[in-house]
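Here is how the chains run, residue by residue.
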There are 2 protein chains.
Amino acid sequence: MEICSKNCINKEKVEETVKTIPAQEEINQMADIFKALSDPSRLKIVLAILNQEHCVCEIATICGQTDSAISHQLRILRTLKIVKNRREGKVIYYSLEDEHVISTINMSLDHVRH
Amino acid sequence: MEICSKNCINKEKVEETVKTIPAQEEINQMADIFKALSDPSRLKIVLAILNQEHCVCEIATICGQTDSAISHQLRILRTLKIVKNRREGKVIYYSLEDEHVISTINMSLDHVRH
DNA sequence: TCTTCATATGAGCATTTGTTCATATATTAA
DNA sequence: TTAATATATGAACAAATGCTCATATGAAGA
């Protein structure tokens, strides 16, 4: 890595920090989770099933969106293993899968509310 | 709100959950912070100044991006009050402003590393 | 079997996003 | 004042995103 191309750069500080930067793959994984929560519609879906499971239609009602839009978003959340589902006849119930996401959400809720 | 348009909807459960959903403005604020961390390049910038302040050129070196790209991203992070800066002559040093973001990042780091 | 209901998915489209490139601003030194 | 350095910003553009609409799938009941 080219480190000394500018006068303002403190080589030691830069090398020190470079050592602490996670691998790109880890950064991408972190970013993926944040991206899942970064869209207000998708975040609202996650908030809707934070305390209890709901079927797709219920989530759509709670979020004021179409079933289709919710289903598309749930697919993204499923792929990222943020939500899980269980079938009961025709109805599919969704709930949160990732404990870490739950605490992240609760922390963020605390933040905006205080 | 139209709640009973479908058979599968449990009205009580929906009303219960609706009470717990934050105001739209709060949801948007939460989403904004997550969005700030949702792009790998921007997340890397935040990670670069997690432990110590750096100037724009140093951040660019650490992140392997141009000064301009970094500057554009820092503007977004500044607007969201995630980073702060101080001037020292020609050089501007950036560091993290929001304590809550710091713990969110550390939590996320823990998550991907274990 | 045929219909209905709940959910999923593909294509298409408008909007947003992140980068590049050129240029502007601000500070320091000559 | 002029030149050099560090940072900021505007325009432009390619890529990604979230929604709609049409259609498909899968389960239950008539």
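One structure accompanies this document, and this report is about it. (Residues numbered from 1 in each chain as written. Chains lettered and ligands numbered in written order. Predicted model: local features only at pLDDT ≥ 70, side-chain atom pairs only at ≥ 80, totals over all residues. Heavy atoms only, no water.)

### Here's the deal with the protein's contact with DNA strand C
No. 1: For DNA strand C, the set of nearby residues contains 29 residues, the closest of which are Ser68(A), His72(A), Tyr94(A), Ser41(B) and Gln73(B).
No. 2: Taking the atoms of DNA strand C that fall within 4 Å of the protein, sugar and phosphate contribute 70% of them.
No. 3: His72(A) has a polar side-chain atom sitting 2.7 Å from a base oxygen of DNA strand C.
No. 4: For DNA strand C, a phosphate oxygen lies 2.6 Å from a polar atom in the side chain of Ser41(B).
No. 5: For the surface near DNA strand C, the elements supplying multiple residues, two or more each, are helix 4 (56–63), helix 5 (67–79) and strand 3 (91–96) of chain A together with helix 3 (40–48) and helix 5 (67–79) of chain B.
No. 6: If one sorts the elements of the surface near DNA strand C by residue count, helix 5 of chain A sits on top with 6 residues. (Near = heavy atom within 4 Å. Polar contact = N/O pair within 3.5 Å; in protein donor to acceptor, adjacent residues only side chain to side chain. Helix = DSSP H or I, 4+ residues; strand = E, 2+ residues; numbered from the N terminus.)

### Description of the protein's contact with DNA strand D
No. 1: Ser68(A), Gln73(A), Ser68(B), His72(B) and Tyr94(B) are the nearest of the 29 residues found near DNA strand D.
No. 2: Expressed as a percentage, the sugar and phosphate content of the atoms of DNA strand D within 4 Å of the protein is 69%.
No. 3: Ser41(A) places a side-chain nitrogen or oxygen 2.8 Å from a phosphate oxygen of DNA strand D.
No. 4: The separation between a phosphate oxygen of DNA strand D and a polar side-chain atom of Arg42(A) is 2.8 Å.
No. 5: Listed by contribution, the elements that provide at least two residues to the surface near DNA strand D are helix 3 (40–48) and helix 5 of chain A together with helix 4 (56–63), helix 5 and strand 3 (91–96) of chain B.
No. 6: The element best represented in the surface near DNA strand D is helix 5 of chain B, accounting for 6 residues.

### Some thoughts on the interface of chain A and chain B
No. 1: Contact residues are listed per partner, giving 55 residues for chain A and 55 residues for chain B.
No. 2: Summing the contributions of chain A and of chain B, the shared interface buries around 5,100 Å²; its carbon and sulfur component is 66%.
No. 3: Its largest share of buried area at the contact with chain B, chain A owes to Met30(A), Phe34(A) and Met107(A), together 13% of the area lost on that side.
No. 4: The interface formed by chain A and chain B holds 6 salt bridges in total.
No. 5: Between Arg113(A) and Glu26(B) there is a salt bridge, with its nearest N and O atoms 3.5 Å apart.
No. 6: One can count 19 residue pairs in polar contact (both at pLDDT 80 or more) joining chain A with chain B.
No. 7: Elements that contribute at least two residues to the side of chain A that touches chain B include exactly helix 1 (11–20), helix 2 (24–36), helix 3, strand 1 (54–55), helix 4, strand 3 and helix 6 (99–113) of chain A.
No. 8: For the side of chain A that touches chain B, the leading source of residues is helix 6 of chain A, giving 10 residues.
No. 9: Its residues placed into classes, the side of chain A that touches chain B shows 26 nonpolar, 16 polar and 13 charged. (Contact = heavy atoms within 4.5 Å. Buried area = accessible area lost by both parts, 1.4 Å probe. Salt bridge = Lys/Arg side-chain N within 4 Å of Asp/Glu carboxyl O. Nonpolar A, V, L, I, M, F, W, Y, C, P; charged D, E, K, R; others polar.)

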